[in-house]
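Structural characterization, general
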Amino acid sequence: MKPFILLIAVTILAIGYMKLVYGVYNFSLSARIGFSAMLLFTALGHFLFTEGMAMMIPDFLPFKKELVYFTGLIEIMAAIGLHVPQFRLLTAWLLILFFVLIIPANIKASMEQIDYQNATFEGNGLEYLWFRIPLQILFIGWVYFSSIRI
């Protein structure tokens, strides 16, 4: 929920800033700024809650902690890539792929009631998916409409 609130808040602030400073609304840039802020925030979680996030990774994948760090770095690079015109399109498509690929981790986390912040099995459970899956779809749409279909 925190990443979603940050996404909305930063986007709204960016829209207001663009209008105040430049006299125009730039919704796609503002949406990318909000999304980048959210990505940087979620990337931080990969480094602060590594143990718990490693618990979310499907069992057949090796090097779980390294994968958590790697995906954190991916989120940081994506936050930057959305603002580099030569890389924006590629970054956006790779982000969409990334959001699809992490769905199994979210399913595993909900089925095993993983609380990634505390690295325990006392999380929300299956009701977590009722929020998380629509949120993933929103993120995919956000990236698509702010970076691909401008």
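Described in the following lines is the structure provided in the data block. (Residues numbered from 1 in each chain as written. Predicted model: local features only at pLDDT ≥ 70, side-chain atom pairs only at ≥ 80, totals over all residues. Heavy atoms only, no water.)

Re the packing of helix 4 (residues 64–81) against helix 5 (residues 85–101)
The test is simple: Fitted lines through C-alpha atoms serve as axes, helices being fitted only where they are in contact, and the angles separating the N-to-C directions of these axes extend from 0 to 180 degrees. Helix and strand definitions follow DSSP, with helices as H or I runs of at least four residues and strands as E runs of at least two, each counted in order from the N terminus. Take the far helix as your reference; a near helix turned counterclockwise from it by less than a right angle gives a left-handed crossing, and one turned clockwise gives a right-handed crossing. Pairs of residues are marked as contacts when any of their non-hydrogen atoms sit within 4.5 Å.
Relative to each other, helix 4 and helix 5 sit at 145°, their axes nearing to 9 Å. In the packing of helix 4 onto helix 5, the handedness of the crossing is left-handed. In contact with Thr71, Ile74, Glu75, Ala78 and Gly81 of helix 4, helix 5 contributes Phe87, Arg88, Thr91, Leu95 and Phe98.

A short note on unusual backbone geometry
This is how it is decided: For each residue, the accessible area found with a 1.4 Å probe, counting protein chains only, is set against the maximum for its type, and the residue is called buried under 20%, exposed over 50%, and partly exposed in between.
Not every positive phi belongs to a glycine, and Phe63 is a case in point at roughly 55°. Mapping Phe63 onto the fold places it in the loop between helix 3 (50–56) and helix 4. For Gln113, which is not glycine, the phi dihedral falls at a positive 55°. Looking at where Gln113 falls in the secondary structure, it is placed in the loop between helix 6 (103–111) and helix 7 (127–148). Residue Gln113 is classed as partly exposed on the basis of its relative accessible area of 37%.

Some points on the pattern of salt bridges
What counts is decided by this rule: Salt bridge, as used here, is a side-chain nitrogen of Lys or Arg placed within 4 Å of a carboxyl oxygen of Asp or Glu.
Scanning all chains against the criterion turns up 3 salt bridges. For the salt bridge of Lys108 with Asp59, the shortest nitrogen-to-oxygen distance reads 3.7 Å. Here Lys108 is found in helix 6, whereas its partner Asp59 is found in the loop between helix 3 and helix 4, with 49 residues between them in sequence. Judged by relative accessible area, which is 11%, Lys108 ranks as buried. Residue Asp59 is classed as exposed on the basis of its relative accessible area of 62%. For the salt bridge of Glu112 with Lys108, the shortest nitrogen-to-oxygen distance reads 3.2 Å.

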